[in-house]
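# Examining the three-dimensional arrangement
So the chains spell out like this:
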Amino acid sequence: QIPKDPVQRRVRELAMLSKQLQRVHPNVLAKVLKQATVYQNEEIVVINKPYGLPVHGGPGVKNCIADVLPILAKMLENVKAEPLHLCHRLDKETTGVMMLARSKEVAEKIRLLFKTRQVEKVYWAISLGDPDPTEGIVEIPIVEKGVQSHQSHYKMTLAPNYRLSPEDGKVVKIRKNRNAESAVTRYRLLASSSACSLLELQPITGVKHQIRVHLAYGLGCPILGDHKYSHWSKLAPQKLPEITLRRLKLEQSKARHLPLHLHAYRLSLPLGEWIDLVCKPPLFFQKTLKKLELDVTND
């Protein structure tokens with residue numbers, strides 16, 4: 001039963017996004033990934049990772065990328081193909097450039113490039129609000145903390161090295177949190193409209209949920225559809241400004257169906273020669289850009 005009302009239809013589309021890939025047969029999933037292949041050579045295969053698909057298995061995960069790598073390798077080459085290897089990870093809700101290696105050696109080489117920060121990563125995100133200033137670097141360590149609320153849960157959060165002194169308002173250095181990891185993100189505003197922004201992000205470090213935490217808690221501009229990091233103490237759907245809801249033709253009560261608008265747009269790395277890989281954002285992301293009138297001129 002497909003709803004006649006376009007708004008209901010859109011909500012349904014959004015709600016179905018990640019559920020579908022969890023229900024399909026592994027062969028079907030491998031076929032989806034084959035269709036999502038954007039580049040391949042003797043060493044690597046690059047896919048545009050679909051939304052809502054976990055890279056690794058875990059509780060409640062029926063399908064993940066890691067499980068179908070042997071099938072995908074056979075579909076791309078032949079029956080005798082070696083399974084493909086993961087080189088890095090993307091969050092389940094993140095879309096975009098994902099690199100797979102054809103051999104263990106190449107995978108190790110690429111992992112080392114990531115570890116030694118020789119890979120340039122560029123993400124696109126639609127955020128709520130405009131960052132101030134419109135371009136800069138967020139350099140605040142990140143730590144995982146338990147949140148005590150009616151549903152206790154864990155979140156990554158900021159662990160700043162400085163705070164304001166209550167006596168005179170001066171900036172004071174504080175003792176470093178032993179468990180915090182240093183995290184650095186460059187950002188730049190590409191477009192803004194309808195109380196939202198399109199941002200280009202370059203994570204210099206690779207801490208879990210780094211971009212989401214730096215945008216939400218560092219700049220006060222959570223990513224559109226990031227229900228986890230839009231509040232600290234509760235797990236609740238993101239509260240959207242009136243104009244954003246209007247443009248998206250969405251009611252606040254349905255906001256929980258909005259997917260996370262975070263896309264790995266580009267990866268560049270030295271692999272024999274300098275390789276530059278670009279993936280355009282998924283359809284839902286492009287539709288949102290259009291609806292919010294976030295016009296971006298592609299460079």
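Residues numbered from 1 in each chain as written. Predicted model: local features only at pLDDT ≥ 70, side-chain atom pairs only at ≥ 80, totals over all residues. Heavy atoms only, no water.

### Points about the environment of Asp276
By the element assignment, Asp276 lies in strand 14 (residues 273-278). If near-sequence neighbours (up to four positions away) are discounted, Asp276 is found in contact with Arg266, Leu267 and Ser268. Polar side-chain contacts of Asp276 include one of 3.2 Å to the side chain of Arg266. A distance of 2.5 Å separates a polar atom in the side chain of Asp276 from a polar atom in the side chain of Ser268. (Helix = DSSP H or I, 4+ residues; strand = E, 2+ residues; numbered from the N terminus. Contact = heavy atoms within 4.5 Å. Polar contact = N/O pair within 3.5 Å; in protein donor to acceptor, adjacent residues only side chain to side chain.)

### What about the domain arrangement of the protein?
Taken domain by domain, the protein consists of domain 1 (1-116) and domain 2 (120-291). If you average the C-alpha positions of domain 1 and of domain 2, the two centres end up 23 Å apart. Here domain 1 is connected to domain 2 by one salt bridge. The closest approach of N and O atoms between Asp91 and Arg212, which form a salt bridge, is 3.7 Å. In this assembly, domain 1 and domain 2 are joined by six residue pairs in polar contact (both at pLDDT 80 or more). Looking at the side of domain 1 that touches domain 2, the elements that each hand over two or more residues are helix 1 (6-23), strand 1 (37-40), strand 2 (44-49), strand 4 (95-101) and helix 4 (104-115). Split into classes, the residues belonging to the side of domain 1 that touches domain 2 amount to 17 nonpolar, seven polar and six charged. (Domains from an automatic or database assignment. Salt bridge = Lys/Arg side-chain N within 4 Å of Asp/Glu carboxyl O. Nonpolar A, V, L, I, M, F, W, Y, C, P; charged D, E, K, R; others polar.)

### Notes on a nonpolar patch on the surface
There is a patch of nonpolar side chains on the surface, built from Tyr162, Leu164 and Val171 and spanning about 350 Å² of accessible area. Considering the arrangement of structural elements, one finds Leu164 in strand 9 (residues 162-164). (Patch = residues over 30% accessible without salt bridge, like charges linked within 9 Å, V, L, I, M, F, W, Y side chains within 5 Å. Areas by Shrake-Rupley, 256 points an atom, 1.4 Å probe, with all protein chains shown as cover.)

### Details of the pattern of salt bridges
All chains considered together, the criterion is met by nine salt bridges. In this structure, Arg188 engages Glu200 in a salt bridge whose closest nitrogen and oxygen atoms are separated by 3.0 Å. Linking Arg188 in strand 11 (residues 184-193) with Glu200 in strand 12 (residues 196-203), this pair joins segments that are twelve residues apart in sequence. When its relative accessible area of 31% is taken as the criterion, Arg188 is described as partly exposed. In this structure Glu200 comes out as buried when scored by relative accessible area, which is 16%. If you follow the salt bridges from partner to partner, you end up with Asp91, Arg212 and Asp226 in one network. (Buried < 20%, exposed > 50% of the residue type's maximum accessible area, 1.4 Å probe, protein only.)

### Details of helix 5 (residues 210-218)
Taking burial as the measure, the nine residues of helix 5 include seven buried ones, the bulk of the element. Every buried residue of helix 5 is listed here: Gln210, Ile211, Arg212, Val213, His214, Leu215 and Ala216.

### Overview of the packing of helix 1 against helix 7 (residues 283-291)
Interaxial distance between helix 1 and helix 7 falls to 12 Å at its minimum, and their mutual angle equals 145°. The two elements helix 1 and helix 7 meet at a crossing, and its hand is left-handed. Taking contact as the criterion, the partners of Arg10, Glu13 and Leu17 in helix 1 are, on helix 7, Phe284, Lys287, Thr288 and Lys291. (Axes fitted to C-alpha atoms, helices over the stretch in contact; angles between N-to-C directions. Left-handed = near helix turned anticlockwise from the far one by under 90°.)

### Comments concerning the nonpolar core
Core analysis: the biggest nonpolar cluster contains 57 residues, and Ile65 and Ile126 have the highest contact counts within it. Counting 18 residues, the second largest nonpolar core, distinct from the first, contains Val97, Met99, Ala101 and Phe114. (Core = buried A, V, L, I, M, F, W, Y, C linked by side-chain atoms within 4.5 Å.)

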